Amino acid sequence: MALSKDDDGAGKIELDSVKCILSTTDLKGNIQYSNRYFSEVSGYSKEELHGSPHNIIRHPDMPKVMFKLMWDRLKKNENITMIVKNKAKDGRHYWVKTFFETKYHPISREPYGYLSIRHAAPKKAIREIKPLYKRLRSIEARYGIHASQDYLIKYLMKEDKTYDEYLKEITQEKNIIIDFFTRQTH
């Protein structure tokens, strides 16, 4: 984990490309479990994290509509992956590709919480998503979250993609070796 400056001059935490940040929450979003890497990156101790709302790490640059999308999907028992800018305790930030899923009791099959698995977000995805998030925040500030949601829907329609397709496209890393062999077989 290293410190660098983002293009806006703010302190940015560079995440290990192999390690992942894990956490679970109850149904209200209060942290029940966090792995050591979560504490290391966020600067919060396990004691500070456990029992706290997960939005303790929410960065103000994140559009509210993205969390509305997340909660809407989770309430429909649909998993979701997002690019998220989080804020560490000391004010620095870090970008993650986050997978969210609902956890169910093995016997009753009733939902009891959520699992979040986070990895370093690909640089391409960050470059792609930053202008969209900036626009969504601007719309939210002037017209509210519903206008922001309308903009996001129209943006995706213009791209002719679902949210999941859009995210998959911007998070795919180019693999030169796979590209080479794919072209050779066609």
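Relevant structure appears above.
Summary of the structure given here. Per chain, residue numbering runs from 1 following the sequence as it is written. Owing to the predicted nature of the model, reporting of local features is limited to residues with pLDDT of at least 70; listing and counting of side-chain atom pairs is limited to 80 or more, with chain, interface and lining totals taken over all residues. Derived side-chain values reflect all non-hydrogen atoms in the structure, with water molecules and hydrogen atoms excluded from consideration.

Let us now look at the nonpolar core. For soluble globular proteins, the rule of thumb is that nonpolar side chains tend to be buried together. Only buried Ala, Val, Leu, Ile, Met, Phe, Trp, Tyr and Cys residues count toward a nonpolar core, and they belong to the same one when joined by side-chain atoms within 4.5 Å. Throughout, exposure labels follow a simple rule: accessible area from a 1.4 Å probe, protein chains only, divided by the maximum for the residue type, with under 20% read as buried, over 50% as exposed, and the rest as partly exposed. Of all hydrophobic cores here, the largest spans 41 residues; its most connected members are M66, M82, I83, Y94, I129, Y133 and Y163. Per the convention used, a helix needs a DSSP run of H or I reaching at least four residues, while a strand needs a run of E reaching at least two, with both numbered from the N terminus. Looking at this core, the elements with two or more residues in it are α1 (36-42), α3 (64-75), β5 (80-87), β6 (93-104), α4 (123-143), α5 (145-159) and α6 (163-171). Among all residues touching M66, those that are not within four sequence positions of it are M82, Y133, L136, L152 and Y163. In what follows, a contact means two residues having at least one pair of non-hydrogen atoms within 4.5 Å.

Moving on: unusual backbone geometry. The backbone of N77 shows a phi angle near 60°, a positive value even though the residue is not glycine. Examined against the element boundaries, N77 turns out to sit in the loop between α3 and β5. In this structure, R109 takes a positive phi of about 65° despite not being glycine. Inspection of the secondary structure assignment puts R109 in the loop between β6 and β7 (111-120). Exposure remark for R109: the relative accessible area of 52% places this residue in the exposed category.

On to the environment of Y112, then. Residue placement: Y112 occurs in strand β7. Note on Y112: relative accessible area 47%, which makes it partly exposed. Once the C-alpha coordinates of Y112 and D26 are considered, the two residues, 86 residues apart in sequence, prove to be 6.2 Å apart. If near-sequence neighbours (up to four positions away) are discounted, Y112 is found in contact with T25, D26, L27, K103, Y104 and H105.

Aromatic ring pairs are reported here in terms of the distance separating the ring centres and the angle at which the planes meet. Side-chain rings of Phe, Tyr and Trp (the six-membered ring for Trp) are treated as a pair once their centres are within 6.5 Å; stacked means planes under 30 degrees apart, edge-to-face means over 60, and tilted covers the remaining angles. According to the stated counting rule, one finds four aromatic pairs in the structure shown. Aromatic pair W95 and Y133: ring centres 6.4 Å apart, planes at 25°, arrangement stacked. Placement of W95 in strand β6 and of Y133 in helix α4 is noted, with a sequence separation of 38 residues between them. Each member of the pair W95 and Y133 is classed as buried. One aromatic cluster in this structure is built from Y151, Y155 and Y166. A cation sits over an aromatic face here: R58 above F67, 3.8 Å from the ring centre. A cation over an aromatic ring shows up here: R118 above the ring of F38, its NZ or CZ 4.6 Å from the ring centre. Over a ring means this: the NZ of a Lys or the CZ of an Arg is within 6 Å of the ring centre and within 35 degrees of the ring normal.

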